[in-house]
Each structure stands twice: as C-alpha cells, then as structure tokens.
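Per-entry structural report
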Amino acid sequence: MKLTTAVLAAGTAVSLATAVVGAARLRQHARHQAERNEATVARNQLDWLAQLSTNPDLAKLWTPEDMDVQEYMQLLKANQLICALSLRDRLGFIRDGQLPFFASMVMTSDVCRRYWARFGDFRAQEAEGDERAEHFTRAMEAAARFQSEPQTTAV
C-alpha cells in the first residue's frame with residue numbers, strides 16, 4: 001500500500017470515528033436536555049400543587065363542585081407525593097423491581113388511596129401512549145387495590 005493511500009485510509013478512519021463519537025454525544029445531549037425539561041415541568045407542577053394544597057382561597061377556585069375544599073387540599077398533597085415518586089421513576093432513580101415497593105408504601109396512606117380512588121382513572125388516561133407512565137400507573141393501581149383489600153391474618 002502506498003503511503004498516500006495509507007494516509008487517506010487513516011484520515012477516513014479518524015473522520016468516521018469522530019462522526020460516530022459526535023453523533024453519540026448529540027444523542028446524549030438530547031437525552032439530558034429532555035430530562036432537564038421533564039424535571040422543570042415536574043418542578044412547576046409540584047410548585048403549583050404546593051400552592052393549591054396550602055392556600056384554601058386558591059384551592060377553592062379549583063375544587064370540584066362535589067368536594068369539600070379541605071378534602072381537596074389533602075388529596076392535592078397526596079398527588080404531590082405521587083408526582084414526586086413519578087418523577088423519580090421517570091428519571092431512572094427507581095431501580096427495576098423497586099416501583100411496586102414504593103407504590104405500596106405510598107398507598108399505605110389513607111389519603112393517597114382516597115386520591116387514587118378519585119383521580120386514578122384520570123391519571124390512567126393521562127398516561128396513555130407513554131409506556132413508562134402507563135407502567136407507573138399500573139403499579140400505583142395494583143398497590144391501591146392491594147391496600148384497599150381486607151387483609152387476612154394467618155391463624
């Protein structure tokens with residue numbers, strides 16, 4: 001092989017490697033930007049829930065007609081907890097197999113079960129088409145159902 005052919009081949013290989021590394025870097029940057037966007041949107045939602053769940057006058061504007069304002073504020077606090085758990089799951093901070101445990105712990109709370117009974121169907125509709133959100137919703141639903149069932153004790 002002539003020296004010029006070897007130099008061209010080496011240059012092509014370096015260019016190809018640079019392009020592959022650049023493409024991987026762009027994909028990683030896009031993924032990180034999507035995670036930052038998701039965290040920002042979740043932060044806005046959690047801030048909004050914090051305001052509604054602590055300010056009766058503001059909550060009164062959003063309370064369903066068939067519900068007491070204080071009850072609605074309690075349900076919003078439960079939603080805040082569930083949203084925080086959902087964000088942790090979406091960002092990958094909950095390892096595979098841990099979600100049922102965390103969902104079960106959340107659903108030991110009566111107010112979280114009341115929230116899920118009232119708004120769980122809405123959350124399921126909201127999750128449609130998003131595989132991760134659908135998985136999260138199924139885990140929460142299963143935990144709510146399990147916690148709502150009468151527990152039998154072994155004799």
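Each remark here, short or long, concerns the structure printed above.
In what follows, the accompanying structure is described. Worth saying up front: this structure is predicted, and the values here are computed from it rather than measured. (Residues numbered from 1 in each chain as written. Predicted model: local features only at pLDDT ≥ 70, side-chain atom pairs only at ≥ 80, totals over all residues. Heavy atoms only, no water.)

Comments concerning the overall build of the protein
Within the protein, the regular secondary structure consists of six helices and zero strands. Taken from the N to the C terminus, the helices and strands of the protein come in the order α-α-α-α-α-α. Its C-alpha atoms give the protein a radius of gyration of 24 Å, more than 25% over the compact-globule value 15 Å for 155 residues. By its C-alpha atoms, the protein is 85 × 50 × 20 Å across when sized along the principal axes. (Helix = DSSP H or I, 4+ residues; strand = E, 2+ residues; numbered from the N terminus. Rg over C-alpha atoms; globule rule 2.2 N^0.38 Å.)

Examining the nonpolar core
Of all hydrophobic cores here, the largest spans 28 residues; its most connected members are Ile82, Met107, Tyr115, Trp116 and Met140. Counting only elements with at least two residues in this core, the list comes to helix 1 (3-54), helix 3 (69-90), helix 4 (99-106), helix 5 (110-127) and helix 6 (131-148). It is helix 3 that provides the largest number of residues to this core, a total of nine residues. Excluding residues that lie within four positions of it along the chain, Tyr115 makes contacts with Leu75, Ala78, Asn79, Ile82, Gly120 and Arg123. (Core = buried A, V, L, I, M, F, W, Y, C linked by side-chain atoms within 4.5 Å. Buried < 20%, exposed > 50% of the residue type's maximum accessible area, 1.4 Å probe, protein only. Contact = heavy atoms within 4.5 Å.)

Looking at the packing of aromatic side chains
In this structure the tally under the stated criterion is four aromatic pairs. Lying across the ring of Phe102, Arg88 places its NZ or CZ 5.5 Å from the centre. (Phe/Tyr/Trp six-rings, centres within 6.5 Å; stacked < 30°, edge-to-face > 60°. Lys NZ or Arg CZ within 6 Å of the ring centre and 35° of its normal.)

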